[in-house]
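Examination of the molecular architecture
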Amino acid sequence: MIIRPDGSTEVLDGNAGPVLGGAEGPPFAATATDVPHGSTLALYTPAIWPAPPAGSDGAPALLRDGLSQPGRPLKDLCDDVLCTLRSKDCPGDAVLLLARTRPLPAHSLATWLLDHDPAAAAAARARTRRTLAEWNVDEDTASAAELIVSELVTNAIRYGAPPLQLRLIKDRTLTCEVHDDGATSPRLRHARTVDERGRGLFIVAQLAQRWGTRYTTEGKMVWSEQILPTPASPHSESLSGSG
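Residues numbered from 1 in each chain as written. Predicted model: local features only at pLDDT ≥ 70, side-chain atom pairs only at ≥ 80, totals over all residues. Heavy atoms only, no water.

Some points on the overall build of the protein
Threshold: Helix numbering and strand numbering both begin at the N terminus, where a helix is a DSSP run of H or I of at least 4 residues and a strand a DSSP run of E of at least 2. Exposure classes here rest on a 1.4 Å probe applied to the protein chains alone. A residue is buried below 20% of its type maximum, exposed above 50%, and partly exposed in between. Two residues qualify as a contact provided that any one of their heavy atoms is within 4.5 Å of a heavy atom in the partner residue. Throughout, the Shrake-Rupley method with a 1.4 Å probe supplies accessible areas, and for residues the shown protein chains are the sole cover considered.
When its secondary structure is counted, the protein shows six helices and nine strands. Put simply, the protein has 243 residues, and 35% of those count as buried. In the protein, once contacts between residues fewer than 6 apart in sequence are set aside, the share between residues at least 24 apart is 66%. Entry remark: accessible area of the protein is about 14,600 Å², with carbon and sulfur atoms responsible for 54%.

Written out as structure tokens, the structure reads:
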């Protein structure tokens, strides 16, 4: 469900697809909608609100009234909703996931179209290296990101379909995304010592804090997320340097 800043709501009815890890192909039906900045996205189990009828655009007062408060922290909103539910007889476990949309500054995004050619991996590494240097990303994180990008691009060239796109996002974390038009889900394999291939996603999993696949109407996007070190404040530096 989407709760917009003006208080209006929209319920997204998605169709169930193959179970994750099952047959190849998108695991759920993709949909697209415009979401204004400052909107709150709410994902929840039927214990909070049973599946609404097709075409329904309403929302339970518990969610609508509690979440139409753009100035409140999301944790407080979750606590309010779940606290109210404790006094009710809920049919099953109640899980609520909230996310609030906000724009990213243009200087924190970098996007390139890549050739569907083995040489694209080297070009992607070079662009990543230059961009992360401009963003003042620390050397350890940047080196790992270069290798992650190389593996994701190589996988997309071998098993995906053109066009290929690389996007880097620097926010509280560093995100690398590689999009291609293939629908085949990438699989994490444990290559044997004598195998020449099959280590790409295993390497990504070792270097990134999180990684995964998102499906779009055109194909899929494989992404990774790295935690960026928190810069030390001048006060903490002076304390650590005192004798």
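Quick word on the pattern of salt bridges
Oppositely charged side chains can form a pair if their charged atoms are brought close together. What counts here: For this document, the term salt bridge refers to a Lys or Arg side-chain nitrogen within 4 Å of an Asp or Glu carboxyl oxygen.
Within the structure shown, the criterion is met by eight salt bridges. A salt bridge links E146 to R129; the shortest N-O distance between them is 3.1 Å. A residue pair is termed long-range when its members are at least 10 positions apart, and E146 in helix 4 (residues 139-159) and R129 in helix 3 (residues 120-134) qualify at 17 residues. R167 is the partner of E177 in a salt bridge, and the nearest nitrogen-oxygen pair spans 2.8 Å. Highlighted residues: E177 in strand 7 (residues 173-180) and R167 in strand 6 (residues 164-170), separated in sequence by 10 residues. Since its relative accessible area comes to 4%, E177 is described here as buried. Beyond isolated ion pairs, a larger network of salt bridges with shared partners links R102, D171 and R172.

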